[in-house]
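# Inside the fold
For reference, the chains in residue letters:
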Amino acid sequence: MKRILLVFALCMPVLAMAEDDCATRRDVPDGVQSLSDVIKLGLCRNPQTAAAYASLRASRFNKNAGYASYLPSVSAGVSANKNYRDHEWGDWGYGASISASYLIFDFGRRTADMNQMIAAYRAAGFDFSETVQNFVYGLVGSYYELLNADADVESSKSALTVAQTAYDTANKKFKAGAVARADVLKAETTLASAKLALERSKNNREITKGTLLTKLSFPADGDIAIADMSSTFGTDAENESVEELIKIAREKRPDLLKATANKDAAWHKRNAAFLKNLPSISASGSISWNDDSLSDTFSPNSNKVNGSIGIRASMPIFAGFANMYGLRAAEADYTRAKYNEQQTANAAELDIFTAYNNYKTAQTVLEQTKALLKSATESEKVTSGMYKVGRATMLDWQTAQSELVSAQKQNNAAKYDLFIKRAAVALAIGDLKSELEGIKDE
């Protein structure tokens with residue numbers, strides 16, 4: 001259960017925000033929101049995680065109810081009756097009774113039932129943990145995608161400025177008779193394309209922003225300002241091997257732990273099904289009072305008081321083959337749970353292997369796009385200078401501008417894709433919380 005408490009620790013900031021009525025507010029908080037602010041807000045408002053928590057609470061209450069079998073059962077009753085005989089009604093008769101019973105020995109059946117409910121509660125806790133981590137990972141992805149969309153808008157604005165400069169330069173040189181009208185037309189075409197690209201970037205940003213706002217349970221047409229990220233953050237996952245990450249996942253990944261808990265629950269359920277065929281021993285006692293006369297008063301020494309104590313042993317002989325088929329069904333469930341655990345472990349290893357290699361590739365791609373952006377920026381500067389002195393054509397400058405815009409967008413995408421891929425590694429090993437703790441906002 002310690003691992004479940006780690007998820008509660010991740011959700012603790014949500015409780016702190018309850019005073020701000022984050023669950024009922026209709027507008028995004030003012031100011032620039034960091035990634036941690038967005039996660040707190042999302043966890044506070046998300047119905048999916050709230051539903052998962054309600055399921056966890058229900059499982060906990062079911063588990064607590066299972067302890068009742070270790071305590072005595074006590075019941076009380078009162079009665080009032082009036083007999084009718086020979087066309088006449090008799091006097092009222094009154095009675096009261098109280099009885100108690102206690103299970104002394106059942107060959108461990110109630111222990112097996114209790115262990116099954118405990119294992120089911122643990123599985124529900126890991127299911128809640130998985131739901132929270134998946135939701136947070138989705139928020140992280142949307143956050144970085146919005147940052148990427150913001151960066152694309154800025155890149156498009158920069159490209160528009162360059163295209164405007166190229167048009168002004170070509171127009172000035174045409175008026176001076178230094179270039180043909182074709183250069184002006186080419187520059188004008190590039191300028192129009194840059195304006196169109198800017199509008200597309202703005203539209204993409206609006207859609208990406210709406211996606212994030214929807215995940216935060218706000219209207220998609222609202223607005224939100226988010227902080228950029230630093231270039232370094234998180235744990236040292238890139239310095240660990242796949243084998244080490246798999247070892248961590250066996251201890252922390254919620255779906256693996258849930259599969260193991262489900263297997264344990266199925267094992268205890270099978271045991272309980274077998275133990276139903278064995279006898280049980282119970283102790284019981286009761287006391288009752290009955291009085292047919294309204295005028296008489298209660299007296300412990302009168303024969304109106306009756307009671308009994310005893311020990312009872314019972315054993316099922318025949319129940320229509322229900323116990324036999326119940327046992328076989330429980331054995332089949334246990335076998336299925338074992339295979340599900342194995343399948344989950346195989347899928348987890350593949351997830352880790354894929355996420356790890358995607359992250360390594362993203363690191364390489366980011367370095368390559370940095371070099372590409374540096375080269376494209378220098379190439380555009382040189383080409384623009386050469387065009388101004390008549391040593392390059394407008395087509396050369398257009399090509400350099402196009403390459404610069406492409407390099408900027410690739411670099412933006414690679415930067416934020418690296419963040420997402422790194423979070424994917426943390427999610428794959430079930431340790432997203434520690435990854436988020438290492439994030440530093442710009």
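Report on the accompanying structure. Predicted model, so just to flag it, every value in this text is computed and none were measured. (Residues numbered from 1 in each chain as written. Predicted model: local features only at pLDDT ≥ 70, side-chain atom pairs only at ≥ 80, totals over all residues. Heavy atoms only, no water.)

## Quick look at the overall build of the protein
The secondary structure content of the protein amounts to 10 helices and six strands. Looking at the protein residue by residue over its 442 residues, the buried ones come to 37%. Sequence-distant contacts in the protein: of pairs separated by 6 or more residues, those separated by 24 or more amount to 81%. A total accessible area of about 24800 Å² is found for the protein, and carbon and sulfur atoms account for 54% of it. (Helix = DSSP H or I, 4+ residues; strand = E, 2+ residues; numbered from the N terminus. Buried < 20%, exposed > 50% of the residue type's maximum accessible area, 1.4 Å probe, protein only. Contact = heavy atoms within 4.5 Å. Areas by Shrake-Rupley, 256 points an atom, 1.4 Å probe, with all protein chains shown as cover.)

## Concerning the pairing of strand E5 (residues 280-291)
Sheet analysis places strand E3 (residues 88-105) next to E5, joined by 11 bridges and oriented antiparallel. Considered in E5, the bridge of Phe105 is made with Ile281. Taken together, the 10 bridges between E5 and strand E6 (residues 305-314) define a ladder with antiparallel strand orientation. By the bridge assignment for E6, Gly285 is matched with Ile309. (Pairing = 2+ DSSP bridges.)

## Quick notes on the pairing of strand E2 (residues 73-85)
Bridge count for E2 against E3 is 12 bridges, and the pairing is antiparallel. Looking at E3, one finds that Gly77 is bridged to Ser97. Counting the residues in the hairpin turn of E2 and E3 gives two residues, including Asp86, whose phi is positive at 50°.

## Section: the sheet that holds E6
Ordered in space as E2-E3-E5-E6, the four strands form an open sheet in which the pairing is antiparallel. Only two strands of the sheet have a single partner each, and these edge strands are E2 and E6. Here the strands of the sheet are splayed against their neighbours by 20° on average, with no regard to which way each runs. (Axes fitted to C-alpha atoms, helices over the stretch in contact; angles between N-to-C directions.)

## With respect to the side chain of Ser34
Position of Ser34 among the secondary structure elements: in the loop between strand E1 (32-33) and helix H2 (35-45). For Ser34, a relative accessible area of 9% translates into the label buried. There is a polar contact of 3.0 Å between the side chain of Ser34 and the side chain of Ser36. Only 3.0 Å separates the side chain of Ser34 from the side chain of Asp37, close enough to count as a polar contact. (Polar contact = N/O pair within 3.5 Å; in protein donor to acceptor, adjacent residues only side chain to side chain.)

## Details of the nonpolar core
Among the nonpolar cores identified, the biggest contains 39 residues, and Tyr143, Tyr144 and Ile224 are the most heavily contacted of them. Breaking this core down by element, the ones donating at least two residues are H2, helix H3 (47-66), helix H4 (109-175), helix H5 (181-215), helix H9 (394-428) and helix H10 (432-437). Per-element tally for this core: the top contributor is H4, with 13 residues. In this structure Tyr143 touches Gln33, Ser34, Leu35, Val38, Leu212, Ile226, Ala227 and Met229, once residues within four positions along its chain are discounted. Listed in part, the 18 residues of the second largest apolar core include Val242, Ala348, Ala355 and Ala428. (Core = buried A, V, L, I, M, F, W, Y, C linked by side-chain atoms within 4.5 Å.)

## Re the packing of aromatic side chains
Counted by the stated rule, this structure contains seven aromatic pairs. Ring geometry for Tyr143 and Tyr144: centres 6.1 Å apart, planes at 80°, overall edge-to-face. Classification of Tyr143 as buried rests on a relative accessible area of 0%. Relative to Phe321, the ring of Phe318 lies with its centre 5.2 Å away and its plane at 85°, an arrangement referred to as edge-to-face. Taking relative accessible area as the criterion, Phe318 reaches 61% and is therefore assigned exposed. (Phe/Tyr/Trp six-rings, centres within 6.5 Å; stacked < 30°, edge-to-face > 60°.)

## Structural notes on the pattern of salt bridges
Summed over all chains, the structure comprises 17 salt bridges. Lys209 serves as the salt-bridge partner of Glu206, at 3.0 Å between the closest nitrogen and oxygen. With a gap of three residues between them, Glu206 and Lys209 both fall in helix H5, about one helical turn apart. Judged by its relative accessible area of 4%, Lys209 falls in the buried class. Shared partners join several salt bridges into a network, and the residues in it are Asp150, Arg205, Glu206, Lys209 and Asp223. (Salt bridge = Lys/Arg side-chain N within 4 Å of Asp/Glu carboxyl O.)

## Side note on unusual backbone geometry
In this structure, Phe107 takes a positive phi of about 60° despite not being glycine. Looking at where Phe107 falls in the secondary structure, it is placed in the loop between E3 and H4. Relative accessible area serves as the criterion here: at 41%, Phe107 is assigned to the partly exposed category.

## A short note on H3
Over its 20 residues, H3 extends 29 Å from the first C-alpha to the last, a length consistent with the 28 Å expected when each residue adds 1.5 Å. Within H3, the full set of buried residues consists of Thr49, Ala52, Leu56, Ser59, Lys63 and Gly66. When H3 is viewed along its axis, its buried side chains cluster within an angular range of 85° and face the same direction. (Expected span 1.5 Å × (residues − 1). Arc of directions from axis to C-beta.)

## Digging into the side chain of Thr383
When you line up the elements, Thr383 lands in helix H8 (residues 322-388). A polar contact is formed between the side chain of Thr383 and the backbone oxygen of Ser379, at a distance of 2.7 Å. Setting aside anything within four residues of it in sequence, one finds Thr383 in contact with Ala392, Asp396, Trp397 and Ala400.

## A short note on helix H6 (residues 242-252)
Taken as a whole, H6 has its buried residues at Val242, Leu245, Ile246 and Ala249. Each buried residue of H6 lies within a common arc of 100° when the element is viewed along its axis, so the set occupies one face. With respect to the buried face of H6, the exposed residues turned more than 90 degrees away are Glu243, Lys247 and Arg250. Considering only its buried residues, H6 is in contact with helix H7 (254-275), H8 and H9.

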